[in-house]
Amino acid sequence: MGYNLLAVLNGVIAGSVWISQTIVSNIGPKNGMLIGAICYAIFVSAFIRPLKGTLYAGTIILGLGQALLWTSEGTFLSINSDPETIGRNSALFWALYQTSLLWGNLFFFYKLHGHETIDSTDRYWIFGALLVLAILGALVILLLKYPLPKTISPTASIASQDEGVKSRSILESIASSFRLIKTKRILLLSWTFMYIALEQTFWSNVYDSSLGYTKAFGTTVTQSLVGLSGVVVGIGEILGSITFGFLDARFPRMGRDPIIISGFLLHVLAIFFVFLNIPNDAPLGDTFTDAYIRPNFYLALLCSALFGFGDSAFNTQLYSFLGEVYVADSVPVFALFQFIWGLTCCGAFFYSTVLQLHYQLLILIIVGFLSVVTFCSLEWGVRRSPDRLSAINGPGVEHQGLLHSHDT
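Worth saying up front: this structure is predicted, and the values here are computed from it rather than measured.

Please provide a residue-by-residue account of the side chain of Thr374, values included.
Structurally, Thr374 can be placed in helix H12 (residues 357-384). By relative accessible area, Thr374 is classed as buried at 11%. Of note is the side chain of Thr374, whose polar atom sits 3.1 Å from the backbone oxygen of Ser371.

Here you go:
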């Protein structure tokens, strides 16, 4: 049932981005984040007393809320940043977001250690605590402030001065997204959108399941390994975000391409270790076979850390790129990201239940390589553009519909 719920979730995310960008365009990103947070709280409450119908209903509500929340967060991040701060802000956002992997998995590991099943008392404690945190998160959103006034170039259009949010109807939202998806830049970025979806689906679901199914680790070790893997991924995500944020602040002219390349190389290394350490049939069910080496506990956790570190590279740099290049109207592009991400996750959940491990690793290598090539070509083009140079050295100017402005 878990895979079915995840497939439904990502399908709803992909289908509801058209509605979400209309909502964000009309009520603003702060209110959009608040509604999305409430949807998360409703989803968590469905697990306090889980029934098949309420779980599917909660999943649909979560899909709507997640599309709204992520579109709003990307837009809010964009309008609160400029070319000098977008890299730092993206890294801080991603590091804070990924702390959930650390604290959440540690909480589950402590609460469920030594338990083979989750009884009603544990369920009430776990999801009751998550519900309280979800409500507190929604309350924190109320404290967020809109950005300070920015210096706008006299040559900038009136539409460019709307702080990255333009009011539009559903039909206008769909039309703007389809116009955007036909552009060369978005077609090339789609490879990065898809790779992020594939690698996140792999390490968050396929890899963890494979660790649990690999009985050569030993029954006791396998139970703890799955939980610890999530903790180590979270540590990798946080350390990666801090590292890339520091590099962006210390070397602002370095660009995003070295970080993307580094992230992919870390993923290639992780994929190679998984190839050696995990049996080929592990994603499909319990297996007692060895891989090319006998499954090693510490090597498995190293792979988790490498996946987390590399994932932070792709996400921080993608958010930085989108926030800088589409600052004049960021809602449609973040909605498109969620649309392509959701569709790709649906496909990944489908093939992950039928393909053996080596085929899934090959897909990651191919799509990852294409994403690096296309992203770097776009990054080099942006770095050569006149408006990027003026954004770093002086007041922002309008160039091909893009506005880069600075805080006063």
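Tell me what's going on with the packing of aromatic side chains, and back it up with residues and numbers.
How two aromatic rings sit relative to each other is set out by the distance from centre to centre and by the angle between their planes. Scanning the entire structure with this criterion turns up 24 aromatic pairs. Aromatic side chains Trp70 and Tyr319 sit 6.3 Å apart centroid to centroid with 55° between the ring planes, which places their arrangement in the tilted category. In this pair, Trp70 is assigned in helix H3 (residues 52-79) and Tyr319 in helix H10 (residues 297-325), connecting sequence segments 249 residues apart. Given the relative accessible area of 8%, Trp70 is considered buried. An aromatic cluster is built from Trp70, Phe93, Trp94, Tyr97, Phe193, Tyr319, Phe334 and Phe337, whose rings are joined through pairwise contacts. If you follow Arg123 out to its NZ or CZ, it ends over the ring of Tyr124, 5.4 Å from the centre.

If you had to explain the packing of helix H7 (residues 184-213) against helix H11 (residues 331-352) to someone new, which residues and values would you point to?
The interhelical angle for the contact between H7 and H11, taken along N-to-C directions, is 45°, at an axis separation of 8 Å. As judged from the angle between their axes, H7 and H11 are oblique. H7 and H11 meet at a crossing whose hand is right-handed. Across the interface between the two elements, Ile186, Ser190, Phe193, Met194, Ile196, Ala197, Leu198, Gln200, Thr201, Asn205 and Val206 from H7 touch Val333, Leu336, Phe337, Ile340, Trp341, Thr344, Cys345, Ala348, Phe349, Tyr351 and Ser352 from H11. Partitioned by chemical class, the residues of the contact of H7 with H11 number 16 nonpolar, six polar and no charged.

Definitions and cut-offs
- The residue numbering used here restarts from 1 in each chain and proceeds along that chain's sequence as written.
- Totals for whole chains, interfaces and linings use every residue, but because this is a predicted model, local features are given only for residues with pLDDT of at least 70 and side-chain atom pairs only at 80 or more, for both listing and counting.
- Here the side-chain values reflect all heavy atoms present in the structure, with hydrogen atoms and water set aside.
- Segments assigned H or I by DSSP are reported as helices when at least four residues long, segments assigned E as strands when at least two residues long, and all are numbered from the N terminus.
- Three labels apply to residues, based on accessible area from a 1.4 Å probe with only protein chains included: buried if under 20% of the type maximum, exposed if over 50%, partly exposed otherwise in between.
- Here a polar contact is recorded for every N or O atom pair within 3.5 Å, except that within protein the pair must consist of a potential hydrogen donor and a potential acceptor, and residues adjacent in sequence are included only if both atoms are side-chain atoms.
- For this analysis, a ring pair means two rings from Phe, Tyr or Trp (six-membered ring only for Trp) whose centres lie within 6.5 Å, classed as stacked if their planes differ by under 30 degrees, edge-to-face if by over 60, and tilted for the remaining angles.
- Criterion for a charge above a ring: Lys NZ or Arg CZ within 6 Å of the ring centre, and within 35 degrees of the ring normal.
- Axis geometry follows a simple rule: fit a line to the C-alpha atoms, using only the stretch in contact for helices, then measure angles between N-to-C directions, giving values from 0 to 180 degrees.
- An angle below 35 degrees is treated as roughly parallel, one above 145 as roughly antiparallel, one from 65 to 115 as roughly perpendicular, and anything else as oblique.
- Take the far helix as the reference: if the near one is turned anticlockwise from it by less than a right angle, the crossing is left-handed, and if turned clockwise, right-handed.
- The contact definition used throughout considers only heavy atoms, calling two residues in contact when any of these lie within 4.5 Å.
- Under the scheme applied, nonpolar residues are Ala, Val, Leu, Ile, Met, Phe, Trp, Tyr, Cys and Pro; charged residues are Asp, Glu, Lys and Arg; polar residues are all the others, including Gly.

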